[in-house]
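The lines below spell out each chain.
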Amino acid sequence: MSMSDSDTSSQGSEYKNFRQVSRDRLLYEMLRSAKVGDSKSTWKVLIMDKVTVKIMSCSCKMADITEEGVSLVEDIYRRRQPLPTMDAIYFIQPTKENVVMFLSDMSGRSPLYKKAFVFFSSPVPRELVNYIKRDASVLARISALREMNLEYFAIDSQGFITDNERALEDLFGDEESSRKGDECLNVMATRIATVFASLREFPFVHYRAAKSLDPNTMTTYRDLIPTKIAAGVWNCLMKYKANLPNFPQTETCELLILDRSIDQIAPIIHEWTYDAMCHDLLNMEGNKYVHEVPSKTGGPPEKKEVLLEDHDPVWLELRHAHIADASERLHEKMTSFVSKNKAAQIHNGSRGGELSTRDLQKMVQALPQYSEQIDKLSLHVDIAAKINNIIRELGLKELGQLEQDIVFGDAGTKEVINFLRTKPDVTRENKLRLLMIYAATHTDKFEGDKITKLMELARLPPEDMNAVYNMRLLEGSSDTKKSSTTFSLKFDVHKKKHGVRKDRSGEEGTWQLSRFYPMIEELIEKLSKGELPKNEYSCMNDPSASFHGTSHAPPLPTSHTHASPAHSMRSRRTATWAKPRNSDDGYSSDSILRHASSDFKKMGQRIFVFIVGGATRSELRVCHKLTTKLKREIVLGSSSLDDPPQFITKLKLLSADELSLDDLQI
C-alpha cells in the first residue's frame, strides 16, 4: 500500500495545456495505474462521489474511461450490486462520510469488491488514514491509497472553477457571516492549491491587497477576501513543497487572486462574441444546446442534443469571434462547400442570383451522402440565425451601443432616461442590466434618489431594484472611491462626466460593439511585465520591492500597453475580430492548430488568474487571446463561470432573506 502522489510532472518535453494535464492524470496516473499484475485484462468498477464525478466529467469522456478498463461507473452513496470478482477504483473526497462508506463496502467476510484502489481528490487528514488502518480486513484488500490532489473542475482548455456557486452570497452578502464565508474560502483555497499540485507548478502568489486611507476606517470582511484566499493557498502550497515528490522548490509561474469587485460590469454587459451570445440569449443547459434537425422520414423536425465544446472544430474556430464575423464566416463556409461540390451545384440547377446561407444549407441537406460533413456547419448556421433574430427582435444593437457608451463616458443619465422613455418594449431583464451598468459607473447617484427614480421610470419590480442596490456590495475596499487607480471602477464624485477616456486614433474596430473589454486584460498584461501597482497588489512569496519584475525570469516582450488617465475605466482597443481574416489572431482553425503544435512548445511561464465571486466568458476569451499575444498560457480560475442571467440572480440573493437560487428567476 502506498500513500503518495504521482511523480508525473507537466515539465516534460511535450507541452500540454492545462486541461490536457488534468485529463492525463485522471486517465493514466489514476485509472491506468490500477492495471497491475494479474488484473491487466480485467474490467474494473469506478466509484465516485458527487464532486469527483463532476471533476471526471469535465476532463474525460466516457469512452476515455472505458478504454482504461472501467466497465461500470457507480455513485458511492447509491446501493450497489456486489461484484466480488472485480476490483474497484475509488476516486473520492477525503471526508469522514466517504471513508465510512468505503470501509462498509470493503470490510467483513463479503466485501463488495475483490481489491480497492483508493484515490483521494485532495490531502487526506491523518486521522482518516488511521481510521482506515484500524480495520485489518480492509487493509489487506487495499492495493493503493493515494492523494491525487486534483479537486478542481476543468471547464475549458484554459479555465477551471472550484464550484462554489454560493460564493457571491456567502462572501459579499448584506449579512456578513464569517463562519459561512470562512468555510467557503477554505474549500476554495484547497481546490486552487490542487491545481498547482496537479501541474507541479509553484506560483508567485499575487493578490489584491486590502487597504484603508486612514487607520480609523474599519477594514470589512469583503475587503480581506483576496488576502484570505492568498493565505489559504499559500499554506497548502507550503505543505506540498515540503511533502510532495517532484514539487518545485522555486517559483515556476504566477498566480493573481482577485475578486468580483475588480470589474462589476463584465458579468452584466452584453458581450457580442459567438460563445457569450449563445450562453446569454439561448436557453442552454451548460454547454448543451437542443438543435432541431429535419426529419429523415418527412415528419416534424427531430430534436437533437449537441454539446458546444472543443471537439467541434467549427465551434473552436468561431467561439471567440464577433457574432457578425461568425455569421459571415459561416456563409463563406457554406458557399465554399457548394462551390467545391458538383452534386450541390447540379441540385442548385439554374437558380440565379446570390444564395442566402439558409438556401445553401437546404441545398446541402438534400444531399444525404454529404450529411456527415455538413451536420456541424448546419448546426452553427441555425444557431447564428437564431441569435441574429433575437438581436433584431429585442433591439439589442441600440441597447448594446448605449451600454458601451455609458461604460466609456460617452452617455449618462440623460441618455438612459431618453432610452427608457422612448423604448417601452425593452425587456425587463435588459432594462435591469442597463441600470446595473449605470449604477456601477455612477456610484455617487446612490446618495440621492436618482437611481430610485430611474428604476421607477423603468418600472422595475422590488426584487430587480435589489439587484441594482446590491451593486454597492461589490464596490471593493472603502477607499476605492478616493483612489485614482486605472483599474478602479469608481470615479471622483466631483466630476460631472463619468468614465471619460479619449479615443485613440486608429483603434476603431471593424465590428460594431467590439469596444468593451474586461479589466483583467490590463491586469494580466501588467503582471506579465512585472508592472502591477505595488500599493494595490501584494505578493505572498516576497513582498519586497525588488521582487516585481526583477528577481525572477525577466518579463517576456509584449506589445505596448496604452497609458490611461486616472479615474478612467476602460480604453478602446482594437478588437481581435477586427483584424484581417488572414491575421494570426489565434482564433482561426489554422491558427489554432499551428499554435497547438508549435507555439506551445516555446511557451513562457504560465499565468493563473483567480476571480472570487464568478468569472465571465469575456474574461475567458481574454485569457485565450493573451495566451497568443504574450506567448504564456493564461489559465482563468473562479468560484463559478456565470452568464448574465445567473449572475443577476445571485446578486439579488445578496440581500434576500431565506431565498435559494431556485426561488428567483430573471
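Shown above is the structure to which this text applies.
Residues numbered from 1 in each chain as written. Predicted model: local features only at pLDDT ≥ 70, side-chain atom pairs only at ≥ 80, totals over all residues. Heavy atoms only, no water.

### Observations concerning the packing of helix α21 (residues 520–528) against helix α23 (residues 617–630)
Helix-helix packing is characterised by the crossing angle of the two axes and by the distance between the axes.
Here's step 1: Close contact between α21 and α23 brings their axes to 10 Å; oriented N to C, the two are set at 30°. Pair α21 / α23 crosses with right-handed handedness. Taken together, the residues of α23 that come into contact with α21 (itself represented by Ile520, Glu521, Ile524, Glu525 and Ser528) are Glu619, Val622, Cys623, Lys625, Leu626, Lys629 and Leu630.
Here's step 2: Along the lines of polarity and charge, the residues of the contact of α21 with α23 split into six nonpolar, one polar and five charged. (Axes fitted to C-alpha atoms, helices over the stretch in contact; angles between N-to-C directions. Helix = DSSP H or I, 4+ residues; strand = E, 2+ residues; numbered from the N terminus. Left-handed = near helix turned anticlockwise from the far one by under 90°. Contact = heavy atoms within 4.5 Å. Nonpolar A, V, L, I, M, F, W, Y, C, P; charged D, E, K, R; others polar.)

### Here we look at the pairing of strand β8 (residues 203–208)
Here's step 1: β8 sits mainly inside the fold: six of its six residues count as buried.
Here's step 2: Here β8 shows a buried face lined by Pro203, Val205 and Tyr207 and a second buried face lined by Phe204, His206 and Arg208.
Here's step 3: Looking at chain direction, β8 and strand β9 (residues 253–259) are connected through five bridges and run parallel. Opposite Tyr207, over in β9, you have Ile257 as the bridge partner.
Here's step 4: Judged from the three bridges that link them, β8 and strand β12 (residues 537–539) form a sheet pairing that is antiparallel. The residue bridging Tyr207 from the neighbouring strand is Ser538, located in β12. (Buried < 20%, exposed > 50% of the residue type's maximum accessible area, 1.4 Å probe, protein only. Pairing = 2+ DSSP bridges.)

### Quick notes on the sheet that holds strand β5 (residues 142–147)
To summarise the sheet geometry, strands pair through backbone hydrogen bonds and adopt either a parallel or an antiparallel arrangement.
Here's step 1: Ordered in space as β2-β1-β3-β4-β5, the five strands form an open sheet in which the pairing is parallel. The sheet terminates laterally at β2 (70–75) and β5, the two strands that pair on one side only. When the angles between neighbouring strand axes are averaged without regard to direction, this sheet yields 15°.
Here's step 2: For strand β1 (residues 44–48) and strand β3 (residues 87–92), the ladder comprises five bridges, and the chain directions are parallel. Its bridge partner being in β3, Leu46 is matched across the sheet by Ile89.

### Brief notes about the pattern of salt bridges
Here's step 1: Counted under the stated rule, the structure contains 44 salt bridges.
Here's step 2: The partner of Asp310 in a salt bridge is Arg319, and the shortest N-O contact between them spans 3.5 Å.
Here's step 3: Classification of Asp310 by relative accessible area gives partly exposed; the value is 24%.
Here's step 4: Look at Arg319 and you get buried, because its relative accessible area is 5%.
Here's step 5: The partner of Arg428 in a salt bridge is Glu463, with the nearest N and O atoms 3.3 Å apart. With Arg428 in helix α18 (residues 428–441) and Glu463 in helix α20 (residues 462–469), the pair connects residues that are 35 residues apart, well separated along the chain.
Here's step 6: A relative accessible area of 36% means that Arg428 is categorised as partly exposed.
Here's step 7: For Glu463, a relative accessible area of 30% puts it in the partly exposed group. (Salt bridge = Lys/Arg side-chain N within 4 Å of Asp/Glu carboxyl O.)

Function cannot be inferred from these measures alone, as they are strictly geometric.
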